[in-house]
Amino acid sequence: MPLPADLPTPLTPIRDPVLARAGVELRLKRDDLLHPTVPGNKWRKLTPNLEHALAEGHTRLVTFGGAYSTHLRATAAAARALGLASVGVVRGEELADRPRNPSLAAAEADGMQLEFVARGAYRELVRDLGRPLAQRWGRCLVLPEGGSNALAVRGTAALPAELGGLDGRDTVCCAVGTGGTLAGIAAGLPPGARALGVAVLRGEGYLEEEVAALHRAAYGRTFANWRIDHGHHGGGYGKVPAALEEFAAGFGERHGIGVERRYVAKALQAVYGLAGTAALPPGSRVTLVVTGLPDGPTAAGTGLSRS
Ligand SMILES: *Cc1c(COP(=O)(O)O)cnc(C)c1O
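Residues numbered from 1 in each chain as written. Predicted model: local features only at pLDDT ≥ 70, side-chain atom pairs only at ≥ 80, totals over all residues. Heavy atoms only, no water.

### Digging into the state of the cysteines
Part 1: Following the criterion strictly, the structure yields zero disulfides and no others.
Part 2: Free of any disulfide, Cys173 has its nearest cysteine sulfur in Cys174, 6.6 Å distant. (Disulfide = S-S within 2.5 Å.)

### Structural notes on unusual backbone geometry
Part 1: A cis amide bond, omega -10 degrees, links Leu7 with the succeeding residue Pro8.
Part 2: Here Pro8 is to be found in the segment before β1 (11-14).
Part 3: Although it is not a glycine, Leu129 sits at a positive phi angle of roughly 50 degrees.
Part 4: Locating Leu129 in the fold gives a position in the loop between α5 (119-127) and α6 (134-137). (Helix = DSSP H or I, 4+ residues; strand = E, 2+ residues; numbered from the N terminus.)

### Concerning the pairing of strand β4 (residues 85-91)
Part 1: For β4, the buried fraction is high: five of the seven residues fall into the buried class.
Part 2: Note that the unit made of strand β3 (residues 60-65), helix α3 (residues 70-82) and β4 has a crossover that is right-handed.
Part 3: In this structure, β4 lies alongside strand β5 (residues 113-117), joined through five bridges in parallel fashion. Residue pairing across strands places Arg91 opposite Val117, the latter belonging to β5.
Part 4: In this fold, the crossover linking β4 to β5 by way of helix α4 (residues 102-109) has right-handed handedness. (Buried < 20%, exposed > 50% of the residue type's maximum accessible area, 1.4 Å probe, protein only. Right-handed = clockwise from strand over helix to strand, strands pointing away. Pairing = 2+ DSSP bridges.)

### Some details on the site of the ligand
Part 1: Contacts to the ligand come from 15 residues, most closely from Lys42, Lys45, Thr178, Thr181 and Thr291.
Part 2: Side-chain polar atom of Thr70 to an oxygen atom of the ligand: 2.7 Å apart, as the coordinates give it.
Part 3: Gly179 places a main-chain nitrogen or oxygen 2.9 Å from an oxygen atom of the ligand.
Part 4: Compared with its free state, where it exposes 390 Å², the ligand has 96% of that area covered by protein.
Part 5: Counting residues per element, the ones that place at least two in the shell around the ligand are α2 (40-55) and α8 (180-188). (Near = heavy atom within 4 Å. Polar contact = N/O pair within 3.5 Å; in protein donor to acceptor, adjacent residues only side chain to side chain. Areas by Shrake-Rupley, 256 points an atom, 1.4 Å probe, with all protein chains shown as cover.)

### Observations regarding the pattern of salt bridges
Part 1: Here the structure, examined in full by the defined rule, presents 13 salt bridges.
Part 2: A salt bridge links Glu108 to Arg100, with the shortest nitrogen-to-oxygen separation between them at 3.0 Å.
Part 3: The partly exposed category is assigned to Glu108, whose relative accessible area is 32%.
Part 4: Judged by its relative accessible area of 29%, Arg100 falls in the partly exposed class.
Part 5: With a closest N to O distance of 2.9 Å, Glu245 and Arg261 form a salt bridge. Of this pair, Glu245 sits in helix α10 (residues 242-255) while Arg261 is found in the loop between α10 and α11 (264-274), placing the two residues 16 residues apart along the sequence.
Part 6: Given a relative accessible area of 25%, Arg261 falls into the partly exposed group.
Part 7: Salt bridges here are not isolated pairs; linked through shared partners, they connect Lys29, Asp31, Arg44 and Glu162. (Salt bridge = Lys/Arg side-chain N within 4 Å of Asp/Glu carboxyl O.)

### Focus: the packing of α8 against helix α9 (residues 206-219)
Part 1: For the pair α8 and α9, interaxial distance at closest approach is 9 Å and the crossing angle is 55 degrees. Here α8 lies oblique to α9, going by the angle between them. Between α8 and α9 lies a crossing whose hand is right-handed. Contacts between α8 and α9 pair Gly180, Leu182, Ala183, Ala186 and Ala187 from the former with Val211, Leu214, His215 and Tyr219 from the latter. (Axes fitted to C-alpha atoms, helices over the stretch in contact; angles between N-to-C directions. Parallel < 35°, antiparallel > 145°, perpendicular 65-115°, else oblique. Left-handed = near helix turned anticlockwise from the far one by under 90°. Contact = heavy atoms within 4.5 Å.)

### A word on the sheet that holds β3
Part 1: With respect to topology, four strands assemble into an open sheet ordered β5-β4-β3-β6, the strand pairing being parallel. Because the sheet does not close on itself, it has two edges, and the strands there are β5 and β6 (141-142).

### Here's the deal with the nonpolar core
Part 1: One finds Leu26 and Leu288 to be the most contacted residues of the largest nonpolar core, which totals 57 residues.
Part 2: In terms of residue count, the dominant contributor to this core is α11 (eight residues).
Part 3: Setting aside chain neighbours within four positions, we find Leu288 in contact with Leu26, Arg27, Leu28, Lys29, Cys173, Val264, Ala267, Leu268 and Val271. (Core = buried A, V, L, I, M, F, W, Y, C linked by side-chain atoms within 4.5 Å.)

### Notes on the confidence of the model for the protein chain
In regions of low pLDDT, the predicted coordinates are not meant to be interpreted in detail.
Part 1: When pLDDT is averaged across the protein chain, the result is 93; 96% of the residues are at 70 or more.
Part 2: For the stretch residues 297-307, pLDDT sits under 50, and the model shows 14 contacts to residues farther than four places along the chain or on other chains. (pLDDT = per-residue confidence, 0-100.)

### Concerning the sheet that holds strand β9 (residues 226-229)
Part 1: A sheet is described by the order of its strands in space; here six strands give the open sequence β1-β2-β10-β7-β8-β9, paired in mixed fashion. Looking at which strands have only one partner, the edges of the open sheet turn out to be β1 and β9. Between one strand axis and the next, the sheet turns through 25 degrees on average, direction left out of account.
Part 2: Contacts from α9 reach β7 (170-176), β8 (194-199) and β9, with the element oriented near 150 degrees to β9.
Part 3: Strands β1, β2 (25-29), β7, β8, β9 and β10 (285-289) of the sheet are contacted by α11, whose axis makes an angle of about 170 degrees with β10.

Below is the structure:
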């Protein structure tokens, strides 16, 4: 294991009268506590890729992301911990001369070389896995946007085995950005249990295709035990409407757990919204995967506690 982590992460039961009235049991899979600088699903997705990089003798990782990409930041931290160089291709040429946001500042502080490219060019680069720029970087391992590839899916597929006996009443729920995490969780479930992804961006149809493509890449087949909810993205990627902010802050206060807003809060709000409906009928047990850390000082990678 190239980056030692705190596994298995804890399962925290949530007692809440709203869910109790709907007949739904909720527990949180605390992957936010997995690793201080490469949290949650990013560790699960990166680890098999890092093993591959080291086995192949790579000294440099290249990957892609938006300005607030947690994947870029996690890749930079992981590369640094392993003594690998890293390059991050960032969407948005105009960001090059602006003060760095906390995500990009953290990636740069971990030694990541940032390359800012215009949106159109970025889309082409992502599709071609950076080939047009490859001569700039020399020999390197290229990870796709969001880090979702076959190895990443197999990494995430280990998660359900940490949840104890799952059966027909179980739904494992996670936020969906690129779909790698959902694809892995679905693939790792025992028969009867289901996975529910909550899209954090407008991606109806497209995201389903991505998950199915990842399943084919990782397992040579598709799975029928998952679906994606498209009703809780809050208007798009990175958008946090006031009602979502209020919901996440209220949950944090009641249960003493900080909720990351761009992904985890949307998935959590979906669980509350769907509890008691046909999607999560009475008698359901939901395990929500807390895929990452809230922004802010607690996300800096120091002094994280399990309290
Ligand atoms: C990156 C990220 C996701 C999205 O994971 P995908 O595998 O890209 O769908 C979900 N939650 C958090 C906190 C993340 O940082």
